[in-house]
Amino acid sequence: MESKQERKQAKILGCPVDLLDFDGALNLTYKNVEEKAGMQIVTINPEMTEIARKNAEFHNILNNADLVIPDGVGIKIALKIKGINRQNIPGIEFSKKLIEYCAQNGYSIALLGAKEEILQKAKENLIKEFENLNICYARNGYFTESEEDKIKSEMQEANPCVAFFALGAPKQEILISKFKKDMPSTVFIGVGGSFDVWSGVVQRAPELYQKLGLEWLYRTIKEPKRFKRIFPALPMFLIRVIIESVFHKKG
């Protein structure tokens with residue numbers, strides 16, 4: 001795997017973003033799966049930079065992750081403000097490609113997160129979609145901190161090549177960083193609400209919204225309660241990025 005020195009990264013409000021395109025990020029991940037090298041992949045969005053600003057543990061995890069991909073138009077715009085043109089890498093598409101690769105090459109996967117019925121439906125749909133997919137471990141996301149060690153032991157025994165954690169940020173990233181210490185050959189990725197989509201309970205935005213990077217807008221129209229979460233968070237994020245860029249240029 002690339003060393004820290006060789007990685008091409010940008011910093012967005014103190015958080016790293018790897019400057020790889022979709023295929024480059026996938027190929028790096030495939031290589032780590034093949035070599036049983038293990039890694040923590042973070043799919044970063046503006047909300048996560050805000051969490052990192054207030055949560056030192058989470059900020060440290062982001063800075064020590066093995067791959068941080070730009071998930072969301074907000075990060076793409078932030079990079080553009082810094083003069084960097086990079087494509088958005090939707091975490092849900094990246095994860096689906098990784099699952100397809102595992103199914104085709106005989107690598108096992110684990111699923112952790114969501115409600116039990118959503119988890120089971122997601123599992124069922126993935127097995128239907130990808131022939132020969134080996135889901136060696138699946139557990140819902142409703143557990144207490146005291147149960148974490150038991151879950152880690154169960155997952156260690158199952159020994160997945162890739163583990164998908166759908167617990168939301170920062171919980172999924174913090175838990176991955178704990179599990180990774182005892183599972184050094186597993187590739188971990190936090191996938192947020194992806195199990196909801198894979199189960200069919202939540203529909204992805206139409207392709208036009210996806211291509212324009214406006215999935216967040218479609219989801220906000222469908223779920224107006226999300227509006228409070230996005231505004232003023234997204235505009236404030238971009239204002240902070242602009243201020244950071246101006247001061248960086250002056251410096």
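Everything below is about the structure shown above.
Scope of this entry: the structure provided in the associated data block. Not measured: the values here are computed from a predicted model. (Residues numbered from 1 in each chain as written. Predicted model: local features only at pLDDT ≥ 70, side-chain atom pairs only at ≥ 80, totals over all residues. Heavy atoms only, no water.)

1. Considering unusual backbone geometry
In this structure, proline 170 follows alanine 169 across a cis peptide bond, with omega equal to 5 degrees. Despite not being glycine, leucine 13 shows a phi value in the positive range, around 50 degrees. Looking at the secondary structure, you find leucine 13 in the loop between β1 (9–12) and β2 (15–18). Even without being glycine, lysine 36 reaches a positive phi, approximately 50 degrees. Secondary-structure assignment places lysine 36 in the loop between α1 (22–34) and β3 (39–44). (Helix = DSSP H or I, 4+ residues; strand = E, 2+ residues; numbered from the N terminus.)

2. Section: the sheet that holds β3
Spatially, β4-β3-β8-β7-β5-β6 is the arrangement adopted by the six strands of the open sheet, whose pairing is parallel. Strands with a single pairing partner mark the edges of an open sheet, and in this sheet they are β4 (67–70) and β6 (135–139). Averaged over neighbouring strand pairs, the angle between their axes works out to 15 degrees when direction is ignored. When β3 meets strand β8 (residues 187–190), the two strands line up parallel, connected through three bridges. Within the sheet, the bridge partner assigned to isoleucine 41 lies in β8 and is isoleucine 189. Of the strands in this sheet, β3, β4, β7 (162–166) and β8 touch α1, which is tilted by about 150 degrees from β4. (Pairing = 2+ DSSP bridges. Axes fitted to C-alpha atoms, helices over the stretch in contact; angles between N-to-C directions. Contact = heavy atoms within 4.5 Å.)

Geometry only, nothing functional implied.
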